[in-house]
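Summary of the model geometry
The chain contents come next:
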Amino acid sequence: MTDATLGTLGTLVDRPRESGPTFRERLWPATATSTQPQSATRLEGALVDTNRPLSFTFDGRRMHGFAGDTLASALIANGQKLVARSFKYHRPRGILTAGSEEPNALVTLGDGALRETNTRATVVPLFDGLAARSQNHVGSLRFDAMAAADLAAPMLGAGFYYKTFMWPAAFWEKVYEPAIRRAAGLGAISTEPDPNAYDHAFAHCDVLVVGAGPAGLAAARAAARAGASVILADEDQRVGGRLLADTNMIDDVAGVSWADVVAGELDSLPRTRVMTGTTVVGAFDHGVHVAITDHGHAAARSGAPRMTVTRIYAKQTIIAAGATERPIAFANNDRPGIMMASAVRAYVNRFGVAPGTCTVVYTATDDGWRTARDLVDRGQHVAAVIDARPKDDVSAPSIDGVEEHYETHVVSTRGRLGLTTLLLSDGREVFCDCLAVSGGWNPNVQLTCHKRGRPKWREEIAAFVSSAKGDAAQIPIGAAAGTFGLGQTLKDGHRAGVEAATSSGFGGRAGDAPAAESDATGVSAFFYVGESRRYGRAWLDFQNDVTAKDIGLAHLEGFRSVEHAKRYTTLGMATDQGKTANVLGISLLAEAAGTTIAETGTTIYRPPYTPVPIGAFAGRARGKAFRPTRKTAGHDWAADAGASFVEAGAWLRAEWFTRDGETHWRQSVDREVNTVRNAVGICDVSTLGKIDVQGRDAAVFLDRVYANTMSSLKVGRTRYGLMLREDGIVFDDGTAARFREDHFLVTTTTANAGRVFEHLEFCHQGLWPDLDVRFESVTDHWFQVAIAGPSARALLERVVDDPASVTNDAFPFMACGETTVCGGTPARLFRVSFSGELGYELALPSRFGASLMARLAKAGADLDCTPYGVEALNVLRIEKGHVSGGELNGQTTARALGLGRMVSDRKDCIGGVLRNRPHLVSDDDPILVGFKPIDGESELTAGAHFFATGAEQITANDEGHMTSVCYSPTLGSPIGLGLLLRGPDRIGETVVAADPVRNRAVEVEVCAPHFFDPEGARLRG
């Protein structure tokens, strides 16, 4: 009996077993050399700049590379095969791929505040001074103490956490959870604030092309030549895609040169933008795509943004995202030195580094032969090509000097920290330090899945492709659509570009499609070497350490749906979302169930396509800018007028305006209140939410979201409205003005503007999508000023172009309409009052805000016109008994606020049913009433609780609480609003308002909530 062994020259030699390596030598072959980093000679013709050497460190060891390298290619050039430890079992791992799908080579970059963990070495552009560290090990990378977890693998199979941590229950918080938290994760994040800056941007185009490979370049050029505006985005730092790693010819020039020429042409066109280093991570409704541009660590160190998140709006989107090569599962297929065949080709051709000194190609595709041919052409030693298919199924030509083996499999490997030996299905052993695996290609359908397009299986290419049902405006082409021949890919790209431009309204001449010959693209649906199971575990998901045995166990235990098996085994749940693993797992699940892959189906992907730092989504919204301070268009004018500002929600609002001689805020507020009561005041109320509601069913829709009826509102009129939550509690109040039969303007409170808009969107999309209605938040569009006081009309007449249009008869209380002011400036006018005085609200486009305030102040100088802030506004509304934030606290009903009659019983509305729950309509409910101190001067405090006179001040005797208080200069006394048990029935009664926090108790008289002009004569005058 003999072993056939491939020697150092790759020649097949028959040796008697007794003359072969000893058992120890076979188990630890070439130990002295295989574990030592070796320098690699750069190959000529690569795309790195050897005139620009760079220095970097890995685990503290200084290494060297060149501009154009990635961290992964530089590590390979320095002989560093072992780069990581696996997540669960801490097995040695090396670089598997050359792109963003990399599951193994996750490293930590930088230190301190600049530390970035779990970064894929394959996509990190090398820069001078880069400091990288391996992660997820205790001790050194070579001698990881946590590797002992691999010995416990039989106890740590799929779903072990569901079975292990159930008993005893007391162990969960004391033992299990702390242990899990210590073991979870890979790298350790920095606890210091991130000093990098992240920007947000917006872009618009007719055609968005995702992917700058041959298909994407052909599509972008065709669309741009036809006249469309085009954005071409690619995650690589250089356009070309697979052309950068292959040796194809296009239009009789090298593919990489053709790509540079096309990129140059696109850059020269004024309506075309090429975005390299940009990954489109999500596709959303209405042609919106989110792209992340990585400007690199070096750029960030010079003060530039680290990343930019761009929201791209496109009429048509062409998905040319390419495809991801998948491995073949066999025992011990996770050792450093085992790589994807396309990655080996990329490192040799693009980066000029050889991943090994002796390479074997294991393939079930013709593409694997291309890798072998390129290696030989570059002077690299290829010991053998092992093809799982019969020879008659192989279309690729033979390679001189390379051993060929058909219908043969790799069943296992050896090598402690790096590959040294292959065990073949025919019993032979092969010594090599690099295994290039090609199991087929998975089209990158992720972006089509983001809009619920479910992939379908195509048997002829042994892969899932887009079902093309996600969105008619998304056009998958090239490898992303399952077309792998270069010539056909270029034709498809050109045609798609022309079609997208035509759909966008452009019909210019796009020229002819580029031409190229296509290499053989045959593939066999081969995923797993079944006979390898007796040699050890076969790895499917390298990042989550999921094995073929785990899939079998999931099926055995009843998790047979692909969705259930995914969650039980964590297949495809790591940061790579199973780009290289999912199809392998699905094939094994199908085999276990005795069904086809098409019948088994697949999960669908979700955003983001690749991991995105949370900081990128946050942008500059951190620290004080976490919640950006919003300023109205009249802010600067108010500041010049002596305003003191207060935060109101997200806004800065003027709280009062200090005049000369005023030393206390109350002096300013009292003056402003008296001016409004006796002359005229102006107040910036732009922060109130304003939502434009239009559509044939706008009135019907508003009837359903408001408690009172809006469909009966006449054009040119305004109505106070009340919104309820689904549980019957008051949500918000405001007004609805009707400009036309199908056009309303809804106002909300400042604090609830965003929530009300979300509520309307939910009601439309989730409850009544059949209604013809649309909304737009126009809060920022309009500057709005309240003009209130006995002289309000006199002031208004001085600024409107038609004074007769604002008389009491022409424009009565609660009227609304469009007008012009100050010589033709368009405006909207509303006769509403929050102060109880004759009042108007005048709205102009925001750019006129400061000018309008200055014009009103000047025009009303002789009328004693004065600006007033939110403190005076609060006093005015309490005097009038209007509810606001203190009353609209999410716990009150319309009945409790004295607004029960507003809720119509003649129609249904949100909250209309649950508002009548027994405990919400009890006679003993707290109801809104007013309060004033018995002595006329004692200070009242919001939040004070009410107790009957003489009652012990304990929770059992609590009868309500004070919601809002102020000092009323009009009445010369503190006053307040509050909720009191049976409040309206107790007017005239004396109760105690107790504030135990401030150790204060005041006897107050219960009175009607309308302290001032209860009949409303002043506001209707």
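Definitions and limits used
In this convention, every chain numbers its residues from 1, walking through the sequence in written order. In view of the model being predicted, local features appear only for residues whose pLDDT reaches at least 70, and side-chain atom pairs are presented and counted only at 80 or more, with totals across whole chains, interfaces and linings using the full set of residues. Where side-chain values are given, they derive from all heavy atoms of the structure, hydrogens and water being excluded. When DSSP finds at least two bridges between two strands, those strands are taken to pair. Numbering of helices and strands starts at the N terminus; helices are DSSP runs of H or I of at least 4 residues and strands are runs of E of at least 2. We call a residue buried when its accessible area falls under 20% of the maximum for its residue type, exposed when it is over 50%, and partly exposed in between, using a 1.4 Å probe and counting protein chains only. Counted as positive: Lys and Arg. Counted as negative: Asp and Glu. His and the chain ends are not counted at all. The working definition used for a salt bridge is a side-chain nitrogen of Lys or Arg within 4 Å of a carboxyl oxygen of Asp or Glu. Here a polar contact is recorded for every N or O atom pair within 3.5 Å, except that within protein the pair must consist of a potential hydrogen donor and a potential acceptor, and residues adjacent in sequence are included only if both atoms are side-chain atoms. Contacts: residue pairs with any heavy atoms within 4.5 Å of one another. Only C-alpha atoms enter the line fits that serve as axes; for helices the fit covers just the stretch in contact. Angles between N-to-C directions range over 0 to 180 degrees. By nonpolar core we mean a set of buried residues, namely Ala, Val, Leu, Ile, Met, Phe, Trp, Tyr and Cys, connected to one another through side-chain atoms within 4.5 Å. Each angle receives one of four descriptions, namely roughly parallel if under 35 degrees, roughly antiparallel if over 145, roughly perpendicular if within 65 to 115, and oblique otherwise. Note on convention: near helix rotated counterclockwise from far helix by under a right angle means a left-handed crossing. Clockwise means right-handed. Under this grouping Gly is polar, as are all residues other than the nonpolar Ala, Val, Leu, Ile, Met, Phe, Trp, Tyr, Cys and Pro and the charged Asp, Glu, Lys and Arg. For Phe, Tyr and Trp, where Trp contributes only its six-membered ring, two rings pair if their centres lie within 6.5 Å, and the inter-plane angle classes them as stacked under 30 degrees, edge-to-face over 60, or tilted in between. A helix is expected to span 1.5 Å for every residue after the first. What the arc describes is the spread of directions from the helix axis to the C-beta atoms.

Spatial strand order, β33-β35-β34: three strands in an open sheet with mixed pairing. The sheet is open, and its two edges are formed by β33 (630-631) and β34 (643-648), each paired on a single side. As paired elements, β34 and strand β35 (residues 651-657) share six bridges and run antiparallel to each other. Across the sheet, residue E647 finds its bridge partner in β35, namely L652.

Moving on: unusual backbone geometry. Following P607, the chain continues into P608 via a peptide bond in cis, with omega recorded as 0°. Note on placement: P608 falls in the loop between α16 (597-600) and α17 (614-618). Despite not being glycine, N118 has its phi angle at roughly 55°, a positive value. Here N118 shows up in strand β8 (residues 116-120).

Tracing the backbone through its elements, the reader meets R653 in strand β35. For the buried residue R653, which engages in no salt bridge, the nearest side chain bearing the opposite charge is D684, 6.1 Å off. A distance of 3.1 Å separates a polar atom in the side chain of R653 from the backbone oxygen of D684. The contact partners of R653, leaving out residues within four places of it in the chain, are S644, F645, V646, A648, C683, D684, V685, T687, T750, V870 and L873.

Read across the sheet, five strands follow the order β4-β3-β9-β7-β8 without closing on themselves; strand pairing throughout is mixed. Because the sheet does not close on itself, it has two edges, and the strands there are β4 (61-67) and β8. Shown here is a sheet whose adjacent strand axes are inclined to one another by a mean of 40°, direction ignored. Pairing geometry for strand β7 (residues 106-109) and strand β9 (residues 130-133), over two bridges, is antiparallel. Note that in β9 the partner of L109 across the bridge is A132.

This part covers the nonpolar core. Among the nonpolar cores identified, the biggest contains 55 residues, and F56, F58, L71, L75, I95, L130 and Y347 are the most heavily contacted of them. Top contributing element to this core by residue count: helix α3 (residues 71-77), with six residues. Not counting chain neighbours up to four residues away, the residues in contact with L75 comprise F56, F58, M63, Q80, V83 and I95. One finds A707, L722, V730 and V883 within the second-largest nonpolar core, a separate group that totals 33 residues.

A few words on the packing of helix α9 (residues 341-349) against helix α10 (residues 366-377). Two numbers describe how α9 lies on α10: the axes approach to 9 Å, and their chain directions differ by 25°. Viewed along their axes, α9 and α10 adopt a mutual orientation that is roughly parallel. Crossing hand, α9 versus α10: left-handed. For the pair α9 and α10, contact is made by A341, S342, V344, R345, V348 and N349 and by D367, G368, R370, T371, D374 and L375, respectively. Classifying every residue of the contact of α9 with α10 by side-chain character gives four nonpolar, four polar and four charged.

A few words on the pattern of salt bridges. All told, the structure shown has 52 salt bridges when counted by the stated rule. Among the salt bridges present, the one from R373 reaches D519, with a minimum N-O distance of 3.8 Å. Taken together, the positions of R373 in helix α10 and D519 in the loop between α12 (486-503) and β31 (539-541) put the pair 146 residues apart, joining distant regions of the chain. With a relative accessible area of 24%, R373 lands in the partly exposed category. Residue D519 is classed as partly exposed on the basis of its relative accessible area of 30%. Ionic pairing is found between E879 and R677, a salt bridge with its closest N-O pair at 2.7 Å.

Our focus in this paragraph is the packing of helix α6 (residues 214-225) against helix α7 (residues 255-268). Direction vectors running N to C along α6 and α7 enclose 30°, while the axes themselves pass 10 Å from each other. Taken together, the axes of α6 and α7 lie roughly parallel to each other. Along this stretch, α6 crosses α7, giving a crossing that reads as left-handed. Along its contact with α6, which presents P214, L217, A218, A220, R221, A224 and R225, the element α7 presents W258, A259, V262, E265 and L266.

For the rest of this paragraph, the subject is the packing of aromatic side chains. The geometry of an aromatic ring pair is captured by two quantities: the separation of the ring centres and the angle between the planes. Overall, the coordinates contain 15 aromatic pairs when judged by the stated rule. Ring geometry for Y89 against W539: centres 5.8 Å apart, planes inclined by 65°, an arrangement best described as edge-to-face. Here W539 lies in strand β31 and Y89 lies in the loop between β5 (84-85) and β6 (92-93), a separation of 450 residues in the sequence. On the numbers, 6.5 Å between centres and 55° between planes, the contact of W637 with F657 is tilted.

This paragraph deals with helix α21 (residues 753-767). For α21, with 15 residues, the first-to-last C-alpha span of 21 Å sits near the 21 Å given by 1.5 Å per residue. Buried within α21 are the following residues: A753, V756, H759, L760, C763 and H764. In a view along the axis of α21, the buried residues occupy a sector of 125°, so they form one face of it. Away from the buried face of α21 by more than 90 degrees, exposed residues E758 and Q765 are located. Elements that come into contact with the buried residues of α21 comprise β37 (689-694), α20 (698-705), β38 (717-724), β39 (730-740), β40 (743-748) and β41 (774-777).

Mapped onto the secondary structure, S791 falls in the loop between β42 (782-788) and α22 (792-797). The contacts of S791, once residues within four sequence positions are left out, are A679, V680 and L863.

Glancing now at the pairing of strand β17 (residues 307-319). Along β17, ten of the 13 residues are buried, which leaves the element largely enclosed by surrounding structure. As paired strands, strand β10 (residues 198-210) and β17 are joined by twelve bridges and run parallel to one another. Bridging across to β17, L208 finds its partner in T317. Relative to β17, strand β16 (residues 288-294) is paired through seven bridges, and the arrangement is antiparallel. Residue H289 lies in a different strand from β17, and its bridge partner there is I312. In this structure, β17 lies alongside strand β30 (residues 474-476), joined through three bridges in parallel fashion. In the sheet register, I318 faces β30, and the bridge partner there is I475.

Within a regular strand, the side chains alternate between the two sheet faces. Here strand β47 (residues 926-933) lies mainly inside the structure; six of its eight residues are buried. The pairing of β47 with strand β50 (residues 973-981) spans six bridges and is classified as antiparallel. Bridging across to β50, I927 finds its partner in L980. Looking at chain direction, β47 and strand β52 (residues 1000-1007) are connected through four bridges and run antiparallel. The residue of β52 that forms the bridge with K932 is E1005.

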